[in-house]
Amino acid sequence: MAFTFLQCIEEACGRRQDPKRESHLCAWCGGLLDVRYEFDITDPETLRAAWHQRRLSGEPIDRSGVWRFRELLPFIGAHDRVISLSEGSTPLVGTRRAGWWAGPVHLTIKHQGINPTGSFKDLGMTACMTRAASLGVRMVACASTGNTSSSMAAYAGRAGMKAILFVPYRQISAAKLAQALDFGAMVVEIGDSFDEAFSLLRQVAAEMRFYLVNSINPFRIEGQKTIVAEMMEQRAWRPPDYIVVPGGNLGNASAIGKGLRELKEMGFIEKVPKVVVIQAAGANPFFRTLRAGSKELIPVEKPDTEATAIRIGRPANWKKARRVLEWTGGFCESVTDEEIFEGKAALAEDGVGCEPASAATVAGIRKLVRAGKIERHADIIAILTGHQLKDTDYVIRHHSAAEDSRQRIRVDANLDALRKALEGVLAVRA
Ligand code: F0G
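Just so you know, these numbers come straight off a predicted model, no measurement behind them.

**Examining the overall build of the protein chain**
- The secondary structure content of the protein chain amounts to 15 helices and 13 strands.
- For the protein chain, whose C-alpha radius of gyration is 22 Å, the value lies close to the compact-globule estimate of 22 Å for 430 residues.
- Principal-axis analysis of the C-alpha atoms gives the protein chain an extent of 75 × 50 × 45 Å.
- Split by element, the accessible area of the protein chain, about 19,000 Å² in all, is 50% carbon and sulfur.

**Considerations on the sheet that holds strand β7 (residues 162-167)**
- Taken in spatial order, the 4 strands line up as β8-β7-β6-β9 in an open sheet, and their pairing is parallel. Only two strands of the sheet have a single neighbouring strand rather than two, namely β8 (186-189) and β9 (211-212).
- Two elements, strand β6 (residues 139-143) and β7, share 5 bridges in a ladder whose sense is parallel. Across the sheet, the residue bridging to M139 is K162, located in β7.
- Against the sheet, helix α7 (residues 194-208) engages β6, β7 and β9, with an angle of about 155 degrees to β6.

**Description of the environment of G77**
- With respect to the helices and strands, the residue G77 is situated in the loop between α2 (60-63) and β4 (92-94).
- For the pair formed by G77 and I164, sequence separation is 87 residues and the distance between their alpha carbons is 27 Å.

**Points about helix α15 (residues 415-426)**
- End to end, α15 covers 16 Å across 12 residues, agreeing with the expected 16 Å (1.5 Å per residue, within 8%).
- For α15, the side-chain oxygen to backbone nitrogen distance between the N-cap and D416 is 3.3 Å, and the N-cap itself is N414.
- Positive backbone phi, approximately 55 degrees, marks A427, located one or two places after α15.

About the thresholds
Residues numbered from 1 in each chain as written. Predicted model: local features only at pLDDT ≥ 70, side-chain atom pairs only at ≥ 80, totals over all residues. Heavy atoms only, no water. Helix = DSSP H or I, 4+ residues; strand = E, 2+ residues; numbered from the N terminus. Rg over C-alpha atoms; globule rule 2.2 N^0.38 Å. Areas by Shrake-Rupley, 256 points an atom, 1.4 Å probe, with all protein chains shown as cover. Pairing = 2+ DSSP bridges. Contact = heavy atoms within 4.5 Å. Axes fitted to C-alpha atoms, helices over the stretch in contact; angles between N-to-C directions. Expected span 1.5 Å × (residues − 1). Polar contact = N/O pair within 3.5 Å; in protein donor to acceptor, adjacent residues only side chain to side chain.

Worth remembering: the numbers are spatial, not functional.
What follows is the structure in structure tokens.
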């Protein structure tokens with residue numbers, strides 16, 4: 001059994017601490033923590049075969065695309081109750097038009113929208129809820145731009161815990177709010193931005209005895225890192241050149257980097273793909289910080305983008321994400337809302353839907369190829385983080401706006417009017 005401990009990520013500190021503590025920050029310096037292990041994996045080949053074999057199993061723990069790789073998450077005890085909704089096992093989908101549009105590059109989609117609550121958050125949530133259950137937690141809380149909250153609400157329901165979520169007032173999509181309400185969570189609408197809601201939550205969490213499940217909870221990162229094992233297995237353990245993700249609070253990029261590093265250290269992969277983070281231009285603190293070479297975060301005080309999922313001005317995990325770009329030789333880019341919309345349309349031409357934040361990936365790839373930072377014909381996996389139906393208001397708004405829209409027409413309910421209208425839009429001759 002591998003030995004588990006928590007370790008502060010700050011170089012000046014780096015202290016190890018007890019994994020059973022409820023606080024997610026370093027007891028000495030307040031830095032972020034990593035879950036670390038002394039792994040006892042010596043033979044990747046045997047483990048790969050076991051992981052593969054579990055795909056045929058009917059056991060709930062094996063049906064989960066997170067817990068199928070449980071040797072990478074050895075913090076769970078033999079008798080822990082696993083809080084799972086059969087998350088993960090999402091498809092890799094090839095593209096034709098989107099890859100051509102973005103490059104040309106060899107573009108494959110890893111669609112995390114195909115998860116129980118429609119986003120990648122479910123991978124992290126199963127891990128940190130399992131952890132919470134083992135600690136006897138009764139109340140979980142998060143601040144969210146919508147997806148973490150939907151996911152938390154579902155897994156808390158399953159675990160029999162009370163879920164409290166802090167969301168910025170009128171800033172999250174109706175579908176995400178509906179999911180949280182449907183799963184019985186208590187919704188606190190507070191502040192004008194995610195950052196404000198998160199800051200207030202952090203200030204009351206301890207006194208209210210809330211167990212935080214935001215991605216500063218290092219066990220969230222543990223669940224999310226398994227996406228890399230799953231994706232490598234789907235590709236017969238051949239890593240791509242690049243893995244591209246949208247960046248908000250920067251937990252996902254941190255998780256992917258940690259997963260890659262562990263797989264490399266244990267000999268599962270030879271080459272490490274470059275991790276590339278794409279932010280929205282109106283909410284791009286990480287991009288600005290790296291561009292300026294600043295040692296401190298350069299926050300965006302009033303983040304603004306139509307991709308509400310990534311409308312974040314002070315990403316909590318920026319130091320972990322910076323470390324990942326250093327480890328992998330990756331970089332960060334920033335794209336406008338118009339570019340995101342175009343990216344979404346390019347994916348749609350391949351029959352692939354996603355929420356706006358996810359489409360930032362392909363928009364970013366296109367920009368990076370044009371700038372010569374990503375080579376043409378590179379082998380790239382773009383992670384689509386959320387389902388198309390997460391933000392239908394966005395789609396309807398965009399497709400109704402154009403006055404000459406040929407996609408949406410309102411017609412009087414009589415045959416003459418119908419024929420005329422159809423001839424007009426389809427250029428059909430009677
Ligand atoms: N894409 C989607 C659809 C998201 O919901 C998020 C984050 C991201 C990308 C960015 O991931 O934060 O790990 O860098 N959503 C969080 C939430 C903040 O509250 O649902 P990140």
